[in-house]
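Examination of the molecular architecture
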Amino acid sequence: MGNNKNKSDTRSSSSEMGGKHTQTDLGVKPSSTVFAKFEEGSSSSVSLAPRARNEADQQQHAVSLNVKEAPIVSSYNDKIRPLLDAVDKLRNLMVMEEGIQLPTIVVVGDQSSGKSSVLESLASISLPRGQGICTRVPLIMRLQHHSSSEPELSLEYNGKVERTDEGRVSEDIVKATDDIAGGGKGISNTPLTLLVKKNGVPDLTMVDLPGITRVPVHGQPENIYDQIKDMIMEYINPDQSIILNVLSATVDFTTCESIRMSQSVDKTGERTLAVVTKVDKAPEGLVEKVTGDDVNIGLGYVCVRNRIGEETYEEARAFSDQLFQTHPLLSKIDKSMVGVHVLAQKLVQIQATSIARSLPEIVKKIDDKLNICLSELNKLPKGLSSFAEAITAFMQIIGSSKESLSKILVRGEFDEYPEEKHKHGTARLVELLNQYSEELHECDGTDVASNFLMQEIRILGEAKRMSLPNFLPRSAFLVILQGKVKGISSIPIRFVEKIWDYIEDVMISVLMKHSENYSQLQLCAKRAGHNLIAKMKERSVKWMMEIVEMEKKTDYTCNPEYVTEWQKLMNNLGGFLHGVLEDEHKPPSFVVDDIGMVEVEVFRQYPRDLLSEAFDLKMRMIAYWKVVLRRLVDSMALHLQLSIANLVNKHMEMKIVTELMGPNNAGGIEKMLEESPSVALKREKLKKSINKLKESKEVVGKIMDGIITYGD
Ligand SMILES: Nc1nc2c(ncn2[C@@H]2O[C@H](COP(=O)(O)OP(=O)(O)OP(=O)(O)O)[C@@H](O)[C@H]2O)c(=O)[nH]1
C-alpha cells in the first residue's frame, strides 16, 4: 500500500470523473481502499481480444494492445468483479422496483450512431448492427473475464435463460427481441440480459438502449420518439447512472438528441462520457470538436473506429490503431483519447468509482426500505385463526363503530374526522332540521294578505247553523286547519327520508372503515346497515304520518303564546272594520297591522258580524298555525334524537349479529377468518419485497464484509 497515497492523490486531481468522484469524496474507508487497490492494476493495459493473439497481431499491435494473459487482467478485474457481481445480483433481484437506484452505465445515442458497434468492440462479439432501429429493448450487457479460453454466452429474459455462442448471438438477440417486443419495429421496456464470459474482456455491465429517432419508420407507432425518450430518461435520470453518449463524428454534436437528453439530467456533464464513432468517415475538424468540448462532456471523449462490414475484430483493431497513429488529422488526437482499449479502461475505472461511491448509500436504502416494509407488514391486521379470535375482532369492530357513531351523531365530537365535514353529524342534522323548518314556513302563510278573509267568509257561510250569533263555529276552524295541514303533509315525510339517507351514509362509511380488513364482515355489515335504516325510516315515516293526522284531527295547545298572539292580532279588528264600513273615503285597500296591504272593496257587501267573525277566524288560525309548525319541527327533532341513540346503542349491533349469524349468511362469523383480497394482495406484495430486500441485504452485506476485511 506504500505508493497508494500518491496514486490516489494523482487520481483526486484527475478530471476523469469530472473532478468530483475523488477518493476523498467517497469518504468511505472500505470503498476507497478498494479503489486504491484496484488502481494498482489499472496502470496496466487491458487485454480485449484473446483471438487477436496470433503472431502477426501481436507484432502489429504490440504497443497499443499489449496483450497479456490473465494475471494482469484478473488482478485488475478481481478487485472490481465482486462489487460488480453484487450490483448485477441486485439488478437481477429487480431491487430498482423498490426505488433503490443502482450504478449503471447507460449507452445512449441517436439512431445508428454506432452504439451496438461500440459494445461489440468492447466484447469482441457480433451484435445486431445496421441502418434503422436495431436495439428495441434495453439490452443489459454483462461482460465478465473468465480464465477458460472457451467463451460462455447466455441470454436472459422473461424469466428464462438461454445458452448461445459467438456465432449465433446476434441472431439470438434478434429472436429474443422479437419475442419481447414483437416482430415489428416497436420497442419494449422489458430488459434482455446478455452475459458474456470471455477471456480478456473487461468486467463491465452496460445497458444499451434504442437509438433516438424523430421520424417513425413504417410499422412503428406514431409516438415512437416519446416512447424511446421516456425509456432513455428513466435510465439516465438517477444520479447513479453513468451516461455513455455515443456520438457519430459525422454530425454536429450540438444537434444530437442524445446530448440534449443527457444535458437535461446532467447539466455539468459530470457523469457523462462521450464516445465518438465513425472517425474514419469524418476526420476533419475532429480534434477541435473533442478538445473544444462545446457540449459539456465532464468525463471526457474517446474516439473509436469500429468494425466495418465483415472485418474481423483483429482486422478492425489493426485498422483502428493504424488510423490513430498514421492519419494526418486523427494522429493529432491525444493517445489517451483514442481506441477501444482506452474506452474500456475508462469505463472500468468509472464503474468502480461509481459502485464504491454508491454502495454505502445502497446499503442504507435497502435497510430503510426493509424496515418500512416490515413495519407496514406488522401494521396489517393479524390473520384470524380461531373462532375466539374472530369473535374478539368482531366485538372490537362493533365497539369501535358504536363509539365513532356515538361521537359524530350524538355527542358532536369530531376528532376522528376533523376534515370530513360530511361526517360532522350533529351539525349536519341541525342544518337539515333548519332547512325543514324553513320549507314548512315557506309552504303556507307567506302571503296572508292576498285573498284576505275570502276563504274564511266562504267557510263561515257553509257553517251556518241554528245557534247564538256570537259563537264562532269550531267546524269552520277545523275545515281550514285540515286544508292547511294537508298542504304541508308531504314535507315531513320527505324530510324523514332525507335524514335517514344521510344517517345511512354516515353509518355505513363508519362501519366500512372499522371493518376494512374483513371483506366478509363488510358485506354483512353493509347489508345489515341498509336493512336497519330501511326499518328505521319506515318507523319514522309511520310516526310522522300519525303526527300529521293528529294535527288534522285536533286543535289544541296549552301554549299561552297562542292566546297572546291572537289577542295582539285582534287589536287590529276595530281599524279593519272602520276602514271597510265606516271610512267615508271608502279606500279600495289599506294596511292592516301584522298582515300587510289588503284589498277591501269586496268586503263592503258583507254584514259587520260576518266580517268580524271571519277576521277572528283568520287571526286564530294565524296564531295557531305557528304552534302547529313549531310542534312539527320540535317533535321531529326529539324523535330523531331518540331514534339515532337507539340505532347506535341497541339496534345496530343486534342487526349485524343477526345478519352474520342468520340463515342467509352460511358460515357466519367463521367467514370473517377469510382475509380480504386487498389485504391478502398487500401482504403478498410486502412479503415479496421483504424477501427481495433481505436477499439484497445479504448480497451487499457480504460485499461490505469483504471490503472491510480487505481494507483492514
Ligand atoms: N465507417 C464506420 N462505420 C461505423 C462505425 N461504427 C458504426 N458504424 C456503422 O454504422 C451503422 C450503425 O451502427 P450500429 O452499431 O448498428 O448503430 P446503433 O446506434 O447501435 O443503431 P440503433 O441501435 O439501431 O440505433 C452500421 O452500419 C455500422 O457498421 C465506425 O466507426 N466507422
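Look up: the structure comes first, before these words.
These numbers were taken from a predicted model, which means no experiment stands behind them. (Residues numbered from 1 in each chain as written. Predicted model: local features only at pLDDT ≥ 70, side-chain atom pairs only at ≥ 80, totals over all residues. Heavy atoms only, no water.)

As for its placement among the helices and strands, E516 is situated in the loop between α17 (490-514) and α18 (519-553). When the C-alpha atoms of E516 and I397 are compared, they prove to be 9.7 Å apart, with 119 residues separating the residues in sequence. When sequence neighbours within four positions are dropped, the list of residues in contact with E516 reads Q522 and S676. (Helix = DSSP H or I, 4+ residues; strand = E, 2+ residues; numbered from the N terminus. Contact = heavy atoms within 4.5 Å.)

The subject of this paragraph is the packing of aromatic side chains. How two aromatic rings sit relative to each other is given by the distance of their centres and the angle of their planes. The tally for this structure, following the rule as stated, stands at nine aromatic pairs. Arranged with centres 5.8 Å apart and planes meeting at 55°, the rings of F477 and Y624 form a pair that is tilted. Pair noted here: F477 is in helix α16 (residues 474-488) and Y624 is in helix α21 (residues 608-661), with a separation of 147 residues, a long-range link. Accessibility assignment for this pair places F477 and Y624 in one class, buried. Relative to F590, the ring of F576 lies with its centre 6.3 Å away and its plane at 55°, an arrangement referred to as tilted. Note that F576 is positioned in helix α20 (residues 573-582) and F590 in strand β10 (residues 589-592), a separation of 14 residues in sequence. According to the relative accessible area criterion, F576 is buried, its value standing at 1%. Following the ring pairs from residue to residue traces out a cluster consisting of F452, F576, F590, F603 and F615. Taking the ring centre of W625 as reference, the NZ or CZ of K484 above it sits at 4.9 Å. (Phe/Tyr/Trp six-rings, centres within 6.5 Å; stacked < 30°, edge-to-face > 60°. Buried < 20%, exposed > 50% of the residue type's maximum accessible area, 1.4 Å probe, protein only. Lys NZ or Arg CZ within 6 Å of the ring centre and 35° of its normal.)

Strand order in this open sheet of nine strands is β4-β3-β5-β2-β6-β1-β7-β8-β9, and the pairing throughout is mixed. In this open sheet, the two strands that pair with only one neighbour each are β4 (160-164) and β9 (301-303). The sheet shows a mean angle of 20° between the axes of neighbouring strands, taken without regard to direction. Where strand β2 (residues 139-145) meets strand β6 (residues 204-208), five bridges bridge the pair, whose relative direction is antiparallel. Bridge pairing links M141 to M206 in β6. (Pairing = 2+ DSSP bridges. Axes fitted to C-alpha atoms, helices over the stretch in contact; angles between N-to-C directions.)

One non-glycine residue with positive phi stands out, namely M94, at about 60°. Among the structural elements, M94 can be located in the loop between α5 (70-92) and β1 (104-109). One non-glycine residue, D594, adopts positive backbone phi at about 70°. You can call D594 partly exposed: its relative accessible area is 49%.

So, on to the environment of V169. Tracing the sequence through the fold places V169 in helix α7 (residues 169-181). When residues no more than four places from it in sequence are discounted, the contact partners of V169 are I125, S126, L153, T164 and L194.

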